[in-house]
Amino acid sequence: MPPSDSFTVVEGLTTVPSHFAPKETMDRMETQIGERGMNVFARIDHAAGAAEVGLTLRPTELIIFGNARGGTPLMQPKQTVGIDLPLKALVWQDAAGKTWISYNEPRWIVQRHNVANAESIVNKMADLLRAICTKAANLQ
């Protein structure tokens, strides 16, 4: 389990704690994404899907978001990057009731697809994701 008060990166996955319940965290994520001029394409409630088939799952919701200006330059040299874009963040609750936000680290995405000369784009994307999560989770 990640430390309780820091950003943790494990094999390309960044996980941060939230000071809010899952629904509020996800709503705050959506607000932060919109305030930064990006589109929210979908919110997928995995726990609700589990409930529909008679299974239980702690709160687990995925948000899919981005914009063509940010992602297209990574897909132009390697279209396979499109499997990892648009960006996604998972808000989930652990067995102890703690809320977390997890997302794929942009540097991992370009490494996975062997995209050259992407540092400027990736740095902006990584900074943006960190800022969104910091605000949504109230980590300042």
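Look a little higher up for the structure.
Figured I'd write up the structure that's included with this text. Every residue gets a number counted from 1 within its own chain, in the order that chain's sequence is written. Predicted model: local features are reported for residues with pLDDT of at least 70 only, side-chain atom pairs are reported and counted for 80 or more only, and whole-chain, interface and lining totals are derived from all residues. Water and hydrogen atoms were dropped before computing side-chain values, which therefore reflect all heavy atoms in the structure.

In this structure, the amide linkage connecting Leu-85 to the following residue, Pro-86, adopts the cis form with an omega of 5°. Residue position: Pro-86 is located in the loop between helix H3 (68–75) and strand E5 (87–93). Backbone geometry places Asn-117, a non-glycine residue, at a positive phi of 55°. Helix and strand definitions follow DSSP, with helices as H or I runs of at least four residues and strands as E runs of at least two, each counted in order from the N terminus. Along the chain, the position of Asn-117 falls in the loop between helix H4 (106–112) and helix H5 (119–137). Unlike most non-glycine residues, Asn-138 shows phi in positive territory, near 60°. For Asn-138, the position within the fold is in the segment after H5.

As a further point, take the pattern of salt bridges. We define a salt bridge as a contact between a side-chain nitrogen of Lys or Arg and a carboxyl oxygen of Asp or Glu at a distance within 4 Å. Taken as a whole and assessed by the stated rule, the structure comprises 6 salt bridges. Note that Arg-112 and Asp-84 form a salt bridge whose closest N and O atoms lie 2.8 Å from each other. Remark: Asp-84 occurs in the loop between H3 and E5 and Arg-112 occurs in helix H4; sequence separation between them is 28 residues. On the basis of relative accessible area, Arg-112 is assigned to the partly exposed category, the value being 48%. We call a residue buried when its accessible area falls under 20% of the maximum for its residue type, exposed when it is over 50%, and partly exposed in between, using a 1.4 Å probe and counting protein chains only.

This paragraph deals with the packing of aromatic side chains. Ring pairs are drawn from Phe, Tyr and Trp, using the six-membered ring of Trp, whenever the two centres fall within 6.5 Å, and their geometry is named by plane angle: stacked under 30 degrees, edge-to-face over 60, tilted for the rest. Using the criterion set out here, one finds 1 aromatic pair in the structure. Centroid distance Trp-92 to Trp-100: 6.0 Å. Interplanar angle 25°. Geometry classified as stacked. You'll find Trp-92 and Trp-100 in the same group, each marked buried. Geometrically, a lysine NZ or arginine CZ counts as sitting over a ring once it is within 6 Å of the ring centre and also within 35 degrees of the ring normal. The side chain of Lys-98 reaches across the aromatic face of Trp-100, ending 5.8 Å from its centre.

Another aspect to go through is the nonpolar core. Ranked by internal contacts, the top residues of the largest apolar core, which has 26 residues, are Met-29, Phe-65, Leu-74, Ala-89 and Ile-101. Mapped by element, the contributors of at least two residues to this core are helix H1 (22–35), strand E4 (60–66), E5, strand E6 (99–104), H4 and H5. In terms of residue count, H5 provides more of this core than any other element does, 7 residues in total. In this text, buried Ala, Val, Leu, Ile, Met, Phe, Trp, Tyr and Cys residues form a nonpolar core when linked through side-chain atoms within 4.5 Å.

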